[in-house]
Amino acid sequence: FGKSIEQLRDFTSSAEKGLAGSTVISFPDDELGDIGNKIAESYKELDLQKRKATIEREKLLQHVHSSDEGLCFFSSDRTAEFYNGLFIQYLNVIIDGAQGNPELIFSSPLLKELNDFLSSGKKYFETQLSKQGKTFALRANIFEDKGFEVVINDITKQEKTRLLKQEITGNIAHELRTPVTSIRGYLETVLEQKLSNEKEQEFLAKAYNQVVVLSDLIQDV
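Residues numbered from 1 in each chain as written. Predicted model: local features only at pLDDT ≥ 70, side-chain atom pairs only at ≥ 80, totals over all residues. Heavy atoms only, no water.

Asker: Let's hear about the overall build of the protein chain: which residues, and what values?
Answerer: Within the protein chain one finds six helices and five strands. Scanning the protein chain from its N terminus toward the C terminus, one meets helices and strands in the order α-α-β-β-α-α-β-β-β-α-α. Relative to the globule expectation of 17 Å for 221 residues, the C-alpha radius of gyration of the protein chain, 36 Å, shows a markedly less compact shape. When the backbone C-alpha atoms are referred to their principal axes, the protein chain occupies close to 125 × 45 × 30 Å. Classification of the 221 residues of the protein chain by burial places 32% in the buried group. In the protein chain, the share of contacts with a sequence separation of at least 24, taken over all contacts with a separation of at least 6, comes to 39%. (Helix = DSSP H or I, 4+ residues; strand = E, 2+ residues; numbered from the N terminus. Rg over C-alpha atoms; globule rule 2.2 N^0.38 Å. Buried < 20%, exposed > 50% of the residue type's maximum accessible area, 1.4 Å probe, protein only. Contact = heavy atoms within 4.5 Å.)

Right under this line is the structure:
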């Protein structure tokens, strides 16, 4: 009995020093020894799971710091738990200087929508913000423990590209509409009105010329 108690004491002492996971202890073959073995097995399993969780956490932190997104994880009381440099960089632009403090995101009038969302009980939020000639996409996700993440992306280039595509599409539509309208008008006139052969040939020639213009436009596109 005394030996079992002594070995349990030695095991707990190793556990306090973080060495129990690699310590081999042979408990006596009795009831107390069985309890000691079960305690040791449970501890080693917990220690293994803890080490795995630590590794996964390190992987997550590496991902956060190397991400091309501005990321910040907050606890349920809106305390910043960890974040990357891009988050502060983007926040500096949005609120004219975050001073390295991500929690200032909650005091900016420009981000009132985010604060309203966090008090709404909803799970997901996204919006766009424009500041100093830049456009940012901001989204937030609420987790089961009421903690949440805020993600900020600089979409200035994508937004400029989108607007340029929209402008080009509008210009193309306008340029194509003009000859198509002319062709339709000439052909409707020929079909619906009685014209002399000379006038009919004139309208058909004009329609043909517009078809050539339309072909050139399509080729340019």
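Asker: For the sheet that holds strand β2 (residues 80-83), give the residues involved together with the corresponding values.
Answerer: Spatially, β2-β1-β5-β4-β3 is the arrangement adopted by the five strands of the open sheet, whose pairing is antiparallel. Since the sheet does not close on itself, it has two edges, and those belong to β2 and β3 (124-131), each with one partner. Across the sheet, the mean angle from the axis of one strand to that of its neighbour is 20°, orientation sign disregarded. Bridge count for strand β1 (residues 70-74) against β2 is three bridges, and the pairing is antiparallel. Considered in β2, the bridge of F73 is made with F82. (Pairing = 2+ DSSP bridges. Axes fitted to C-alpha atoms, helices over the stretch in contact; angles between N-to-C directions.)

Asker: Lay out helix α5 (residues 156-192) with the relevant residues and their values.
Answerer: Look at α5: 53 Å from first C-alpha to last across 37 residues, which is about the 54 Å you get at 1.5 Å a residue. Regarding α5, the residues found buried are T156, E159, P179, I183, T189 and V190. Of the surrounding elements, those touching the buried residues of α5 are β3, β4 (134-142), β5 (148-154) and α6 (197-220). (Expected span 1.5 Å × (residues − 1).)

Asker: Describe the pairing of β4, listing the residues and the values that go with them.
Answerer: Here eight bridges tie β3 to β4, and the two strands are oriented antiparallel to one another. Bridge pairing in β4 links K131 to K134. Between the antiparallel neighbours β3 and β4 lie two residues, among them Q132 with a positive phi of about 55°. Taken together, β4 and the strand that follows it, β5, pair antiparallel across an intervening segment of five residues, in which K146 is found at a positive phi of about 75°.

Asker: Go over the packing of aromatic side chains, please, and point to the residues and values.
Answerer: With the rule as written, the count across this model stands at nine aromatic pairs. Here the aromatic rings of F73 and F82 are separated by 4.9 Å at their centres, their planes lie at 35°, and the arrangement is tilted. Exposure remark for F73: the relative accessible area of 12% places this residue in the buried category. An angle of 20° between the planes, with centres 6.3 Å apart, marks the rings of F73 and F143 as stacked. Residue F73 is located in strand β1, and its partner F143 is located in the loop between β4 and β5; the two are separated by 70 residues in the primary sequence. (Phe/Tyr/Trp six-rings, centres within 6.5 Å; stacked < 30°, edge-to-face > 60°.)

Keep in mind these numbers describe shape, not what the thing actually does.
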